[in-house]
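Letter by letter, the chains look like this.
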Amino acid sequence: MILGTALGSVLGLASFGRSHVDHVTTDAAHVRHVFVIVLENKTFSDTFGTSTQDPYLQKTLVPMGALLTEYYGTGHVSLDNYISMISGQSPTKDTDDDCLPGFTGSIGNYNDVEQTGVAPQGQIAASGGCIYSRQVRTLPEQLERAGYSWKGYMEDMGNDPARESATCGHPTIGIGTDHTNTAEAPSAAVPLGDAYATRHDPFMYFHSIIDHPSCNTHVVNLNVLTQDLAEERTTPNYVFITPNLCSDGHDGAGTGAAGTTCANGQPGGLTSADAFLKVWVPKIMASPAYQKDGLLIITFDESNYVQDASSNPSTGQTTVDITFPGQTCCNQQPGPNLAGARPGTFTLVNTPTLVENIVINGYGGDRIGALLLSPFIIAGSTSSTAYNHYSLLRSIEDIFGLDGHIGYAADDPRTGYYLDSIADDKNIFHHLNEWGPWTEAPAGPKF
Amino acid sequence: MVCALLAPAHLMMNVPGEAAIPDPAPTASDLAALGKRIFFDPSLSASGRLSCASCHSPGHAYGPPNGRAVQLGGPDLSVQGARAVPSLRYTLNRTPVWSKAYVASAADRILEGNEPPAGGFGWDGRFNSLREQAAFPLLAPNEMANSSPADVAAKLQRAPYAQEFRRLFGTQILDDPAAAYTRALSALERFELDDPSFHPYTSKYDGFLEGTAALSAQELRGLALFNDSRRGNCASCHLDAQGADGSHPNFTDYQFEALGVPRNPEIRANASTAYFDDGLCGPLRTDQAQQAAYCGMFKTPSLRNVAIRATFFHNGRFHSLKEALRFYVRRDTDPKLWYPVSASGSVDKFDDLPPPLRANVDVIDEPLTRQEGAAPAWNDAEIDDVIAFLKTLTDADAQPASAH
């Protein structure tokens, strides 16, 4: 089923730069199953350096794969990063703050994007809002157009069917508070609790996906993945995996100490993220689809923050600045909607004894790193080429030979915006047909 | 704890150190049927006159049958309980275990509002399972006042359902007091989770949601006032929207809130100026005693069947719905209505908390943000509208006699 047919050309959303995909020059050309796991809020130097909470990732998986040391998130806080991965869209003043109203956006919650125009590179100019119209292009639409299959696998989605549906789970549009913002602890009726977060499920922010009945087969609970991995023909070409709020490291300090755990009692942090990877990465790597032509990407949405505290002895009022550098790579552009929102300083707590400011000094998502695993990867390799989530989108478009680069996945010579494709990184992939295991032509799309 | 709560009956039986049980294990329905008999059995109390159902009256939606701020218990039914009796309807199988999710990123904690703790059974959420909770009234000196689990087990031996107890758990079960006590708690739990009488969904509002009943103009006005986030803002905690699966709301988010309800002189313990019921941080709950920010917090109750109650809030301070709602909307605009006023005219606001802890009281969320002398969120006519709406939450079997 093709979603949103010919939408880009109808609305003039075609990219202004290199809209055609690139011929992949490494063995990544053989990849026909891409798996993406997105974790939450950790800095490269912690995840792949100082942390002792993720030994499986650091000591087992890194030596097996390729580490992208200069991989950046595209924004702060979470949702805009997820959206960039599947659409190339830059934030609105609401999606940059997880659609929590009253921060920089005035619409917030689970409401439609109020579009005011189209900026270069198909960027949606908007006064705010969160759910893009059917006309906005997405990677799923591109994949379907080319005959490739895709699915989003969301841990916990529908555990509490009163909270959200087990398929295509999202709040009712316009009802106000998104109750998936907070994890639900276990109860008799919901034995596992429910820590699905809509804001970590990018597919829910596009009408072209959620308005279509096929959303119920495309965006499903993670527990479906095991059976989908059983055969190559049942494994989608593009698999996007979002762990729950504990398994992705969003909640919990990772130590298990009282008062620092997830709602379900697990330690969270990189400890629970590592435990999640230890369960799911072996399953993926053992699957026929991965073994034949798979590529698994493990990354994060954004980096963590730097915290500064200062005390004013004359007033006794402590000021805490939670600072995001907001660094970008690759000459990333802010998009048309962030004036006044990024950079910015926002005072969210102001009491006689405490002032807490969130300081965001740029519009990027800072350095997070990414790990790639694949039969075509040079084990233990490293690349310091700069990438971000838009690069990831571009790379997937190249790998599958899709109908161009959408949004900020495309270059723009006028601004000097240029992205490298991970698929062409010869530090981590073998040269095409040089060393790789492939001796025959790659399989075509599945219809 | 959670696993024990949720495990099928046959998985709960072979606990090390407990008496062997017959094979096959009791079915959930057999357990629930036994639990029901225990629930209604006054012989399990020291007075011989107090059962679970005495305070959690089935005829009153499993809430209190009278307007006492707190109920009376103990060996001669003269000792006050600590807190008002909540209704047991609707919430039991939906109450999450007590939790306070820790969001790893300080930025997210601030941005997302650092949600308060939620869940657990009781006003302070100190029980994570109903079997734990059931043990408390059985042994509390001011409730059923048994001296020990063995004391309860001895009463079980004399109970009219003792033979049924043996049939389900083995002929020797009542010879093992610890095991018998544990089994009784399990049976109570099963009854409370499974019996349809705890979640009938027969109110007018349920009919309204199903399209089989219409709300009057006044009830609709009340619903709108209930939902208006700029004024009453009730629905922000007492959730009233249908679930994603069409399930009907239970009118609570299970979160904790510090409302600053006035001290209630009807509770004798309050005669001591040194006594404070600080809810989540004690004195009944002890594991959060060091969390000063939690002091004064009590769990948000369901509002289903609230209109048939005659005692409101954790300390039963108010005895009519109108009074309770007036407190919400005029707590800050007219504090002299609710709190002691000194000779000099100063108001001892939030007087049921020690002064250092009064900063915990919610002054951020509507309608609790207003200044003294400002207009309240609702006038009396609007309060009447909200009451009319709240009356639509009364189940069919709990309607006052005059309504039939």
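The rules behind these values
- Residues numbered from 1 in each chain as written.
- Chains lettered and ligands numbered in written order.
- Predicted model: local features only at pLDDT ≥ 70, side-chain atom pairs only at ≥ 80, totals over all residues.
- Helix = DSSP H or I, 4+ residues; strand = E, 2+ residues; numbered from the N terminus.
- Rg over C-alpha atoms; globule rule 2.2 N^0.38 Å.
- Buried ≥ 20, exposed ≤ 12 C-beta atoms within 10 Å, placed from the backbone.
- Contact = placed C-beta atoms within 7 Å.
- Pairing = 2+ DSSP bridges.
- Axes fitted to C-alpha atoms, helices over the stretch in contact; angles between N-to-C directions.
- Domains from an automatic or database assignment.
- Expected span 1.5 Å × (residues − 1).
- pLDDT = per-residue confidence, 0-100.
- Core = buried A, V, L, I, M, F, W, Y, C linked by C-beta atoms within 7 Å.

Enquirer: Teacher, can you tell me more about the overall build of chain A here?
Expert: Secondary structure summary: chain A contains 11 helices and 16 strands in total. Taken against the 2.2 N^0.38 rule, which gives 22 Å for 447 residues, the C-alpha radius of gyration of chain A at 21 Å falls within 12% of a compact globule. Its C-alpha atoms put chain A at 75 × 45 × 45 Å along the principal axes. Across the 447 residues that make up chain A, the buried fraction comes to 60%. Look at the contacts in chain A between residues 6 or more apart in sequence, and 74% of them connect residues 24 or more apart.

Enquirer: Please explain the sheet that holds strand 11 (residues 317-324) of chain A as it appears in this structure.
Expert: The strands making up a sheet associate through hydrogen bonds between their backbones, and the pairing can be parallel or antiparallel. Residues and elements named next belong to chain A. Across the sheet, which stays open at both edges, the 4 strands sit in the order 10-11-13-12 with mixed pairing between neighbours. Two strands close off the open sheet at either side, each with one partner strand: strand 10 (306-312) and strand 12 (344-350). Between one strand axis and the next, the sheet turns through 20 degrees on average, direction left out of account. Here 7 bridges tie strand 11 to strand 13 (residues 354-360), and the two strands are oriented parallel to one another. Paired with Asp 321 across the bridge in strand 13 is Asn 357.

Enquirer: Would you take a moment to explain the sheet that holds strand 1 (residues 33-39) of chain A for this structure?
Expert: Residue and element names in this part refer to chain A. Within the open sheet, the 8 strands sit side by side as 7-6-8-1-9-14-2-15. Their pairing is mixed. Only two strands of the sheet have a single partner each, and these edge strands are strand 7 (219-221) and strand 15 (381-383). Strand after strand, the sheet turns through a mean of 20 degrees between neighbouring axes, direction not considered. For strand 9 (residues 294-300) and strand 14 (residues 370-373), the ladder comprises 4 bridges, and the chain directions are antiparallel. The residue of strand 14 that forms the bridge with Leu 296 is Leu 373. Here helix 9 (residues 269-285) sits on the sheet in contact with strand 1, strand 8 (238-242), strand 9 and strand 14, set at roughly 170 degrees to strand 9.

Enquirer: Explain the domain arrangement of chain B to me, please; I cannot follow it from the model alone.
Expert: It is common to give the size of an interface as the accessible area that goes away when the parts come together. Residues and elements named next belong to chain B. Taken domain by domain, chain B comprises domain 1 (2-198) and domain 2 (204-398). Computed from C-alpha atoms alone, the centre-to-centre distance between domain 1 and domain 2 is 26 Å. If you look at the interface, domain 1 gives 30 residues, while domain 2 gives 34 residues.

Enquirer: Would you mind going over helix 9 of chain A with me for this structure?
Expert: All names here are of chain A. Taking 1.5 Å per residue as the helical rise, helix 9 with its 17 residues ought to reach 24 Å, and the 24 Å between its terminal C-alpha atoms agrees with that figure. Listed in full, the buried residues belonging to helix 9 are Gly 269, Leu 270, Thr 271, Ser 272, Ala 273, Asp 274, Phe 276, Leu 277, Trp 280, Val 281 and Ile 284. Buried residues belonging to helix 9 abut strand 1, helix 2 (44-50), helix 3 (55-64), strand 8, helix 10 (288-293) and strand 9.

Enquirer: Even after reading the chapter, I still don't get the pairing of strand 10 of chain A, so can you show me in this structure?
Expert: When a strand is regular, its side chains alternate between the sheet's two faces. Residues and elements named next belong to chain A. Within strand 10, only 0 of the 7 residues are buried, which leaves the element largely exposed. Pairing of strand 10 with strand 11, which is carried by 7 bridges, proceeds in the antiparallel orientation. Bridge pairing in strand 11 places Ala 309 opposite Val 320. The antiparallel pairing of strand 10 with strand 11 creates a hairpin that spans 4 residues between the two strands, and Gly 316 there sits at a positive phi of about 75 degrees.

Enquirer: Even after reading the chapter, I still don't get the confidence of the model for chain A, so can you show me in this structure?
Expert: Do not read the fine detail of predicted coordinates wherever pLDDT is low. Residues and elements named next belong to chain A. Per-residue pLDDT for chain A averages 91, and the proportion of residues at 70 or more is 92%. For the stretch residues 1-18, pLDDT sits under 50, and the model shows 48 contacts to residues farther than four places along the chain or on other chains. In this model, residues 435-447 is a region of pLDDT below 50 whose contacts with residues beyond four sequence positions or in other chains number 23 contacts.

Enquirer: What's the story with the nonpolar core in this structure? I'm lost.
Expert: Looking at soluble globular proteins, one finds that nonpolar side chains tend to be buried together. One finds A:Ala28, A:Val34, A:Phe35, A:Val36, A:Ile241, A:Leu296 and A:Leu372 to be the most contacted residues of the largest nonpolar core, which totals 142 residues. The element that contributes the greatest number of residues to this core is helix 9 of chain A, accounting for 7 residues. Mapping this core onto the domain boundaries places at least three of its residues in each of domain 1 (2-198) and domain 2 (204-398) of chain B. Residues within four places of A:Val36 in sequence aside, it is in contact with A:Val239, A:Phe240, A:Ile241 and A:Ile297. Of all hydrophobic cores here, the second largest spans 42 residues; its members include B:Ala32, B:Phe121, B:Phe169 and B:Leu185.

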